[in-house]
Amino acid sequence: MRNTMSLGDTTSKKSALGQEVFAFLVYVYAVAVPLRSNFKTEFLLVLLSGFVWNVYRQGNGLGSIFKSQVFRAIGFYYVLCILSLVYSFQTKATLNFIVLQGTLPLLPILFYRQLTRRQINTALLFFSLGCFCLSVYASVDITRQYFEKYPQHWEQLQLIDWTFFSYFLPQNIRFHAPYYSLYIGACLLIHGYFLYTTKFTRNKASFLLHLFFCVFYFGFQALLASRTALVATVLVMALVGVYLAFRAGKYVVLVGVILFTIASSVLVFQKVTYLRIKFSESAGVTQRKMMWTSAVDVIQEHPLLGVSPGQSEEALVESYQYNGFQEGVNARYDAHNQFLMYGVSLGILGVLAFAVLVFFLLKEAYQKKDFILFSFVAVFTICCLTESLMQRRDGTLLFSFLIALLVFAPKTDRNQS
């Protein structure tokens, strides 16, 4: 009997150790997600190895993942992507798109019921740490470049041209500004929620740390001057704050949230020159109208299944040519709207698949009162109206990672220990 108990204890300890190691791998991957490195694939393979080892040692009840409406929606979307190979004349490009979307079903499977709530929160903070390190590096490097170009501004700081920072900072690290701004906005949502749930009297250090990151990320997102991501983040945070204050009966806080949102928005508009220029000149609006009109033309010609992901770029370029949008032809723009882009590549079925996925995510977030998940999905969806976020690795990976972490990673109550 004693030997049996000893063997059971040893197995339990090994299982716990395996879970801790896997959690550590998730933390490393979380830091790597925003970084501009080519090691994300290698990190993912390591994570996959850890998952396989855990399954080998203790098994994994993956069968129940198919009960999730969110996962079934992901599966339906991914099957559509695979089926597009049947009618695609650009097989290689379509395969590349399918591989690009691969993290959407893969990460939920790898993360499924692997982490406690505390480990999930830690992973979110490590993701924020990656974004913070990247932002500090980018800020220092662009500052160095600026003062090398304008050394006289060291003695006249009021002459600093902040437009230079807004324009060149994301380019300098090869991070498209709307995507970078979305990453920063996600961090702002994370720390905003932690700030709300941390009581100042009980944990002053944690409260002040989250407050610092909220101020930092809000200022940094304003500097990036990506309009949709900034407006969506501020708007969603304000609405969630108003809802929480109203539900708690804290009407003074409710009024404070509204006034702070208005005051901070006005301040940002006045102080961030590049943002003010983009709003006042409606930068990019005319181009997007041409992109959207051309995308609708393609959808009308191929309404049900689209032209396939591999042929979507060529189909749009031909439509731009027909509509006389030479800038779009030269730059080979995508539709700059993810819903229209799915309409072009996967037809009405693709649009419905993505819309259903978003609906189930919002539904689950509302039912579980997961405000980080709800806020992120809402912001991401709004940004999909002006950017084709799922056409690039940065957009797909951010969406896949946070969805997998917040929806699929939590252990069941009986396995939280």
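Here, every reference points to the structure presented above.
Residues numbered from 1 in each chain as written. Predicted model: local features only at pLDDT ≥ 70, side-chain atom pairs only at ≥ 80, totals over all residues. Heavy atoms only, no water.

Draft legend 1. Representation of the overall build of the chain within the structure. Helices and strands together make up the secondary structure of the chain, namely 18 helices and 0 strands. Relative to a compact globule of 417 residues, whose C-alpha radius of gyration would be 22 Å, the chain shows 23 Å and is just as compact. Along the three orthogonal principal directions, the C-alpha set of the chain runs to about 80 × 60 × 50 Å. Classification of the 417 residues of the chain by burial places 49% in the buried group. (Helix = DSSP H or I, 4+ residues; strand = E, 2+ residues; numbered from the N terminus. Rg over C-alpha atoms; globule rule 2.2 N^0.38 Å. Buried < 20%, exposed > 50% of the residue type's maximum accessible area, 1.4 Å probe, protein only.)

Draft legend 2. A look at the pattern of salt bridges. Going through the model one piece at a time under the given rule, you end up with 7 salt bridges. Close ionic contact of E387 with R288 constitutes a salt bridge, the shortest N to O distance being 2.8 Å. Taken together, the positions of E387 in the loop between α17 (371-383) and α18 (393-408) and R288 in helix α13 (residues 285-301) put the pair 99 residues apart, joining distant regions of the chain. For E314, the salt bridge goes to R332, with nearest N and O atoms at 2.7 Å. Taken together, the positions of E314 in helix α14 (residues 312-322) and R332 in the loop between α15 (326-331) and α16 (338-368) put the pair 18 residues apart, joining distant regions of the chain. The structure contains a network of salt bridges with shared partners spanning D141, R144 and E148. (Salt bridge = Lys/Arg side-chain N within 4 Å of Asp/Glu carboxyl O.)

Draft legend 3. Broad picture of the packing of aromatic side chains. The full count for this structure, using the stated rule, is 44 aromatic pairs. Ring centres of F164 and F168 lie 4.9 Å apart, and the angle between their planes is 45°; this geometry places the pair in the tilted category. With F164 and F168 both in helix α7 (residues 162-172) and 4 residues apart, the pair spans about one turn of that helix. For F164, a relative accessible area of 10% corresponds to the buried category. (Phe/Tyr/Trp six-rings, centres within 6.5 Å; stacked < 30°, edge-to-face > 60°.)

Draft legend 4. Highlighting α7. Within α7, the full set of buried residues consists of T163, F164, F165, S166, L169 and P170. Its buried side turned inward, α7 meets α6 (117-149), α8 (177-197), α9 (204-224) and α12 (273-280). Where α7 begins, one side-chain oxygen reaches toward the backbone nitrogen of T163, 3.1 Å away; that side chain belongs to D161. Positive backbone phi, at 55°, marks R174, one or two positions downstream of α7. (Contact = heavy atoms within 4.5 Å. Polar contact = N/O pair within 3.5 Å; in protein donor to acceptor, adjacent residues only side chain to side chain.)

Draft legend 5. Region of interest: the environment of V236. Looking at where V236 falls in the secondary structure, it is placed in helix α10 (residues 227-247). Each C-alpha atom, one on V236 and one on L110, is 30 Å from the other, the two residues being 126 residues apart in sequence. Apart from residues lying up to four places away in sequence, V236 is in contact with S375, A378, V379 and I382.

Draft legend 6. Spotlight on a nonpolar patch on the surface. Side chains of V231, L235, L239, F269 and F279 sit close together on the surface and give an oily, nonpolar patch of about 440 Å² of accessible area. With 3 residues, α10 is the single largest residue contributor to the nonpolar patch. As for its position among the elements, L239 is in helix α10. (Patch = residues over 30% accessible without salt bridge, like charges linked within 9 Å, V, L, I, M, F, W, Y side chains within 5 Å. Areas by Shrake-Rupley, 256 points an atom, 1.4 Å probe, with all protein chains shown as cover.)

Draft legend 7. Here's a closer look at the nonpolar core. Among the nonpolar cores identified, the biggest contains 101 residues, and F111 and F127 are the most heavily contacted of them. Setting aside chain neighbours within four positions, we find F111 in contact with F22, V26, L47, F401, A404, L405, F408 and A409. Residues M291, A295, A315 and L316 belong to the second largest nonpolar core, which totals 15 residues. (Core = buried A, V, L, I, M, F, W, Y, C linked by side-chain atoms within 4.5 Å.)

Draft legend 8. Expanded view of the packing of α13 against α14. Packing of α13 against α14 leaves a shortest axis separation of 9 Å and a crossing angle of 115°. Taken together, α13 and α14 sit at an angle that is classed as roughly perpendicular. Between α13 and α14 lies a crossing of right-handed hand. On α14, the residues that touch M290, M291, S294, A295, D297 and V298 of α13 are A315, L316, S319 and Y320. Considering only residue class, the contact of α13 with α14 consists of 7 nonpolar, 2 polar and 1 charged. (Axes fitted to C-alpha atoms, helices over the stretch in contact; angles between N-to-C directions. Parallel < 35°, antiparallel > 145°, perpendicular 65-115°, else oblique. Left-handed = near helix turned anticlockwise from the far one by under 90°. Nonpolar A, V, L, I, M, F, W, Y, C, P; charged D, E, K, R; others polar.)

Draft legend 9. A look at the side chain of S388. Tracing the backbone shows S388 in the loop between α17 and α18. Filtering out sequence-adjacent residues up to four positions away, S388 remains in contact with Y179, D334, A335, H336, N337, Q338 and M341.

Draft legend 10. Main features of unusual backbone geometry. For R174, which is not a glycine, the phi torsion comes out positive at approximately 55°. With respect to the helices and strands, R174 occurs in the loop between α7 and α8. Accessibility expressed as a relative area gives 65% for R174, which makes it exposed. Phi at A225 takes a positive value of approximately 60°, unusual for a residue other than glycine. Along the chain, the position of A225 falls in the loop between α9 and α10. When its relative accessible area of 0% is taken as the criterion, A225 is described as buried.

Draft legend 11. Looking closely at the environment of F212. Position of F212 among the secondary structure elements: in helix α9. Among the residues examined, F212 registers a relative accessible area of 45% and is labelled partly exposed.

Read these as spatial facts, not as claims about activity.
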